[in-house]
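For reference, the chains in residue letters:
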Amino acid sequence: MQKTVVVWLGALLCCALWGSAFPCIKIGYKLFSIVGEDTATQILFGGCRFALAGILTILIGSALNRKPLIPGKSSWGKIIKLSMLQTVAQYIFFYVGLANTTGVKASIIEGVNVFIAILVASLLFHQEKLTVAKIIGCVIGFAGVVLVNVTGTGLDLSLSFFGEGFIFLSTIAYAFSSVFLKRYSKEENPVLLSGWQFLAGGVIMIVCGLIFGGELTVVTKSGMAMLFYLALVSAVAYSLWGILLKYNPISKVAVFGFMNPVFGVILSAILLREGDSIGIMCVAALILVCLGIYIVNRGTDVS
């Protein structure tokens, strides 16, 4: 899991799956007839997704380990902390924010999470050194994220606290969850942590959604299929991401997060028709993102 080709392929798979979540969540809202102002139902929808993701992760992990993934007494505190950061805080902010902005704008703001994750890991928790190469790589990678976004019609200068503001708060929650996941994975199975934190966080979100009046009134086969896909995205991507974080510096893995907005913008443009054909600008953005990833990984290897 420390080989460069494994890290690159694994991280890119995670980013492709996460990138597809941007448009698929908005499609899911349409399939379940969830409007942008119905915050309680958005939280309920997210809770159902993550509770299902937790069940899938636990079942898959148990099958791969050939024994049930049951947390010990010392694991529950870590699971609750992760669930509050990774699932409850990050995705309540993300789901509500995404309902009040475009997929394109959400993608570019999500690109900031790479900076925050590396800064938190380096400056607050001292899990690695903050080098010049990492800073330069992040700047170049983020430039690619900006470039691919400015070509779409879904990007403008309007800002709202419950839209773009909530998306930004979700990136902060993500950064801290990455740091804690790496710390806890030294002693715990990252797949176990992923599965149970999803299940715990999903249940909490379901309860919160129901308490505030959330209700899924329109349930169709296509809607359930989309919900299952979104759950599978979380189960596969976050578990694999956790394994990569366990064996590698956060910066070496987190920098691939710049690919999330790139995948998100491309798929939003295709599935939601939020942007025009990106063409050569997308190619230029991908080159910048890949260059940034290379520089950060090279800086990580020599630091």
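Heads up: the structure comes first, above all this text.
Residues numbered from 1 in each chain as written. Predicted model: local features only at pLDDT ≥ 70, side-chain atom pairs only at ≥ 80, totals over all residues. Heavy atoms only, no water.

A. View of the overall build of the chain. A count of helices and strands for the chain gives 12 helices and 0 strands. In the chain, the succession of α and β elements from N to C terminus is α-α-α-α-α-α-α-α-α-α-α-α. Across the 303 residues that make up the chain, the buried fraction comes to 56%. For the chain, the proportion of contacts with a sequence separation of at least 24, taken over those separated by at least 6, is 90%. Here the chain displays about 12,800 Å² of accessible surface, and carbon together with sulfur accounts for 71% of that area. (Helix = DSSP H or I, 4+ residues; strand = E, 2+ residues; numbered from the N terminus. Buried < 20%, exposed > 50% of the residue type's maximum accessible area, 1.4 Å probe, protein only. Contact = heavy atoms within 4.5 Å. Areas by Shrake-Rupley, 256 points an atom, 1.4 Å probe, with all protein chains shown as cover.)

B. View of the pattern of salt bridges. According to the stated counting rule, one finds 2 salt bridges in the structure shown. For Lys 78, the salt bridge goes to Glu 187, with nearest N and O atoms at 3.2 Å. Taken as a pair, Lys 78 in helix α3 (residues 76–99) and Glu 187 in the loop between α7 (161–184) and α8 (190–211) lie far apart in primary sequence, 109 residues in all. For Lys 78, a relative accessible area of 15% puts it in the buried group. Notably, a salt bridge pairs Lys 78 with Glu 188, separated by 3.3 Å at the nearest N-O pair. (Salt bridge = Lys/Arg side-chain N within 4 Å of Asp/Glu carboxyl O.)

C. A look at the environment of Ala 175. Mapping Ala 175 onto the fold places it in helix α7. Ignoring sequence-local partners within four residues, the contact set of Ala 175 consists of Ile 116, Ala 117 and Val 120.

D. Examining the environment of Ser 122 more closely. Relative to the assigned elements, Ser 122 resides in helix α5 (residues 113–124). Setting aside chain neighbours within four positions, we find Ser 122 in contact with Glu 128, Lys 129 and Leu 130.

E. Spotlight on a nonpolar patch on the surface. Residues Leu 13, Ile 60, Leu 64, Phe 228, Leu 232 and Val 236 make up a contiguous nonpolar surface patch of roughly 520 Å² in combined accessible area. Breaking the nonpolar patch down by element, the ones donating at least two residues are α2 (39–65) and α9 (221–247). With respect to the helices, strands and loops of the structure, Ile 60 is situated in helix α2. Residue classification places Ile 60 among the partly exposed positions, given a relative accessible area of 40%. (Patch = residues over 30% accessible without salt bridge, like charges linked within 9 Å, V, L, I, M, F, W, Y side chains within 5 Å.)

F. Region of the structure containing empty space enclosed by the protein. In total, this model carries 1 cavity of 30 Å³ or more according to the counting rule given. The volume enclosed by the largest cavity comes to roughly 200 Å³. Put simply, the parts of the chain that give the lining of the largest cavity at least two residues each are α1 (4–31) and α3. In terms of residue class, the lining of the largest cavity is made up of 8 nonpolar, 4 polar and 2 charged. (1 Å grid on protein atoms, 1.4 Å probe; cavity = no way out; pocket = protein on both sides within 12 Å on 5 of 7 lines; lining within 4 Å. Points joined across faces, edges and corners; volume = space filled by probe spheres on them. Nonpolar A, V, L, I, M, F, W, Y, C, P; charged D, E, K, R; others polar.)

G. Representation of the environment of Lys 30. Along the chain, the position of Lys 30 falls in helix α1. Sequence separation between Lys 30 and Val 218 is 188 residues; the distance between their C-alpha atoms is 9.8 Å.

H. Quick peek at the nonpolar core. Of all hydrophobic cores here, the largest spans 75 residues; its most connected members are Trp 18, Ile 25, Phe 45, Phe 94, Tyr 95, Trp 241 and Phe 256. Looking at this core element by element, the count peaks at 12 residues for α9. (Core = buried A, V, L, I, M, F, W, Y, C linked by side-chain atoms within 4.5 Å.)

I. Inspection of the packing of α8 against α9 at higher detail. Interaxial distance between α8 and α9 falls to 8 Å at its minimum, and their mutual angle equals 140°. One element, α8, and the other, α9, form an angle in the oblique class. Taken as a pair, α8 and α9 cross one another with a handedness that is right-handed. Listed contacts from α9 to Pro 190, Val 191, Ser 194, Gln 197 and Phe 198 of α8 are Ser 234, Ala 235, Tyr 238, Ser 239, Gly 242, Ile 243 and Lys 246. (Axes fitted to C-alpha atoms, helices over the stretch in contact; angles between N-to-C directions. Parallel < 35°, antiparallel > 145°, perpendicular 65-115°, else oblique. Left-handed = near helix turned anticlockwise from the far one by under 90°.)

J. Quick peek at unusual backbone geometry. Non-glycine residue Ser 33 carries a positive phi angle of around 55°. In this fold, Ser 33 is placed in the loop between α1 and α2. One non-glycine residue, Arg 66, lies in the positive phi region at around 60°.

K. Region of interest: the layout of surface pockets. Roughly 230 Å³ of volume is contained in the largest pocket. Mapped by element, the contributors of at least two residues to the lining of the largest pocket are α2, α8 and α9. Looking at side-chain class alone, the lining of the largest pocket contains 9 nonpolar, 5 polar and no charged residues.

L. Expanded view of the packing of α3 against α7. In contact at an axis separation of 7 Å, α3 and α7 are set at 160° when each is read in the N-to-C sense. Considering the angle they form, α3 stands roughly antiparallel to α7. The crossing of α3 and α7 is left-handed.

M. Summary view of the side chain of Gln 197. As for its position among the elements, Gln 197 is in helix α8. Side chain to side chain, Gln 197 and Thr 87 meet in a polar contact 2.7 Å long. Gln 197 has contacts with Ile 79, Leu 82, Ser 83, Gln 86, Thr 87 and Tyr 238, leaving out every residue within four places of it along the chain. (Polar contact = N/O pair within 3.5 Å; in protein donor to acceptor, adjacent residues only side chain to side chain.)

Such coordinate-based values are descriptive only and should not be taken to indicate function.
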